[in-house]
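Next come the chains, spelled out residue by residue.
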Amino acid sequence: MDSKPDRTGYHPEWIKVNALWNLLQRERQLTRLYQYENSLTEPMLPPASHPGFSDAFCNLMINNAKYFPPKPQNVTASPINDEQISGNVTVRVYQPSDPTSCDKAVPLCLYAHGGGWVTGNLDTEDHFCRDICGRGDIVVVSVLYRKFPAVRFPQNTEDCVEGVLWSEAHKNATSLGVDPARFLIMGGSAGRGLAVSTTHFLIEFHPTVPPLAGLLPISSAHIHPEGCPKSYEHLFTAYTENAGPIPFVTDEMARGVFHLMDGEPPYDDVRNHWVPVAMGVEGVKGFPKTWLLNSGKECFRDDGRVLEALLKETGVPVKREVVEGMPHYYFAFPLAPDVIKHFRSRVNGGIKWCLGS
């Protein structure tokens, strides 16, 4: 490129991690698909339609985790124990191994991984799920849902609903040692979008399921750039302010995955339920206590801002935090240990806030 990318407003730790990225390149641990051109203010992945996108994303996430703080030791989980709960859905269960938690029912968190609804798996955010479990003394059920091109909306949401119903089933709740009254749903990026739509589906189509204790969407993608409710468009400016070649996920990539998933507006009465925030306050009625986290430099920043406003209007307790100077999913990269620890402390605080502890 003839000119260097604009670094204005980026957190210093995001710029510094460029040195670590170069080290990874020299060690040949990552493919050329997501090598930087100039710096970490460049996109890192090919378009979602690229045949190498899925492998590039998964390798990126798994390799980055090697540079994170040590995994908690008080967690029992193994890929050997992954359970296929239906023909479409597999889950991985993380359980606290601390003996002091064995004599009491603990909270349960259903987790939906990110990946633009086209990639990601149970390994790409394994480290994070272990941290949630170990730090919060919580059983985590990570859901491997179906993705494009096998499915489009809303089948991936239905897979997450299936994960909730399996976890809520009496025999499973008993064997997992969880308290159904303290059931949380969490997701990141595309998984956060699924966490939002799953919450809506449970309220709308599964009224017998006990109310959730909390919803924790992280760096969510749940509003199409042209799908924001009209009266909230003044809050929805990130797709313009954070447009162009920003790190990791660009506005162009976001539009692309919505197109692949048949998630573009206008929405009819059926498709409205796939992206409930587009329905306005009607789409979030009955939502549980909600904690939101966004990055200041992501195009999805205001997905959380609009959801926060909708929830406040309906009287739902909501708390939103914004990490300025960081791009989308910054916490999945080998930044300084204190940055990662601070992010995970934020999440743990959000969990405690939702549970009222």
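Residues numbered from 1 in each chain as written. Predicted model: local features only at pLDDT ≥ 70, side-chain atom pairs only at ≥ 80, totals over all residues. Heavy atoms only, no water.

As for the pairing of strand β3 (residues 90–96)
Every other side chain in a regular strand lies on the same face of the sheet, so the side chains alternate between the two faces. What counts is decided by this rule: Three exposure classes are used, based on accessible area relative to the maximum for each residue type with a 1.4 Å probe and protein chains only: buried under 20%, partly exposed in between, and exposed over 50%. Secondary structure follows DSSP: runs of H or I at least 4 residues long count as helices, runs of E at least 2 residues long count as strands, and numbering of each begins at the N terminus. Think of it this way: DSSP has to see at least two bridges between two strands before they count as a pair.
A large share of β3 lies buried, amounting to six of its seven residues. One ladder, built from two bridges, connects strand β2 (residues 83–84) with β3; its direction is antiparallel. Pairing of Gln-84 across the sheet is with Thr-90, part of β3. Count of turn residues in the β2/β3 antiparallel hairpin: five residues.

As for the side chain of His-273
As for its position among the elements, His-273 is in the loop between α9 (251–260) and β8 (290–295). Judged by its relative accessible area of 14%, His-273 falls in the buried class.

Describing the pattern of salt bridges
What counts is decided by this rule: Whenever Lys or Arg places a side-chain nitrogen within 4 Å of a carboxyl oxygen from Asp or Glu, that contact is recorded as a salt bridge.
The final tally for this structure, using the stated rule, is 18 salt bridges. Here Asp-131 and Arg-344 are joined by a salt bridge, their closest N and O atoms 3.6 Å apart. In this pair, Asp-131 is assigned in helix α4 (residues 126–136) and Arg-344 in helix α11 (residues 337–355), connecting sequence segments 213 residues apart. Each member of the pair, Asp-131 as well as Arg-344, carries the same accessibility label: buried.

Describing the environment of Thr-199
The line we're drawing: Any two residues having at least one pair of non-hydrogen atoms within 4.5 Å are treated as being in contact.
Tracing the backbone shows Thr-199 in helix α7 (residues 190–205). Thr-199 gets classed as buried once you look at its relative accessible area, which sits at 1%. Sequence-wise, Thr-199 and Val-284 are 85 residues apart; in three dimensions their C-alpha atoms are separated by 8.6 Å. For Thr-199, the contacting residues outside a window of four places in its chain are Ile-185, Leu-212, Leu-215, Phe-287 and Pro-288.

A few points about the layout of surface pockets
Defined as follows: In this analysis, the protein atoms alone were mapped onto a 1 Å grid. Cavities are point sets where a 1.4 Å probe fits without being able to get out; pockets are open sets with protein on both sides within 12 Å along at least five of seven lines; lining residues have an atom within 4 Å of a point. Grid points are joined across faces, edges and corners, and a volume is the space filled by probe spheres set on the points. Any residue that is not Ala, Val, Leu, Ile, Met, Phe, Trp, Tyr, Cys, Pro, Asp, Glu, Lys or Arg is counted as polar, Gly included; the first ten are nonpolar and the last four charged.
Considered as a void within the structure, the largest pocket measures approximately 240 Å³ in volume. Partitioning the lining of the largest pocket into residue classes produces nine nonpolar, two polar and six charged.

Considerations on the packing of aromatic side chains
Note the threshold: For Phe, Tyr and Trp, rings pair up if their centres lie within 6.5 Å, where Trp contributes its six-membered ring, and each pair is then called stacked (planes under 30 degrees apart), edge-to-face (over 60) or tilted (otherwise).
Summed over all chains, the structure comprises 13 aromatic pairs. Note on Trp-117 and Phe-258: the rings are 5.2 Å apart at their centroids and 70 degrees apart in plane angle, and the pair reads as edge-to-face. You can see Trp-117 sitting in the loop between β4 (106–112) and α4 and its partner Phe-258 sitting in helix α9, a full 141 residues away along the chain. Here the two residues Trp-117 and Phe-258 agree in accessibility, since each one is buried. Between Tyr-330 and Phe-331, the ring centres sit 5.6 Å apart and the planes meet at 80 degrees, which makes this aromatic pair edge-to-face. Taking relative accessible area as the criterion, Tyr-330 reaches 2% and is therefore assigned buried.

Describing α11
Worth spelling out the cut-off: Helices are assigned an expected span. That span is 1.5 Å times one less than the residue count.
Helix length check: α11 (19 residues) gives 27 Å between terminal C-alpha atoms against 27 Å at 1.5 Å per residue, within 8%. Where α11 is concerned, the buried positions are Val-339, Ile-340, Phe-343, Arg-344, Arg-346, Val-347, Asn-348, Gly-350, Ile-351 and Cys-354. At the C-terminal side of α11, Gly-356 shows a positive phi close to 70 degrees.

A short note on empty space enclosed by the protein
A full pass over the atoms with the stated rule returns three cavities of 30 Å³ or more. Its boundaries defined by the atoms lining it, the largest cavity holds a volume of some 200 Å³. The set of elements that each furnish at least two residues to the lining of the largest cavity consists of α3 (53–64) and α9. The dominant element in the lining of the largest cavity, judged by the number of residues it contributes, is α9, at four residues. Partitioning the lining of the largest cavity into residue classes produces 15 nonpolar, five polar and no charged. Along its surface, the second largest cavity is lined by 13 residues, and Trp-117, Gly-193, His-222, Trp-274 and Val-275 are the ones closest to its centre.

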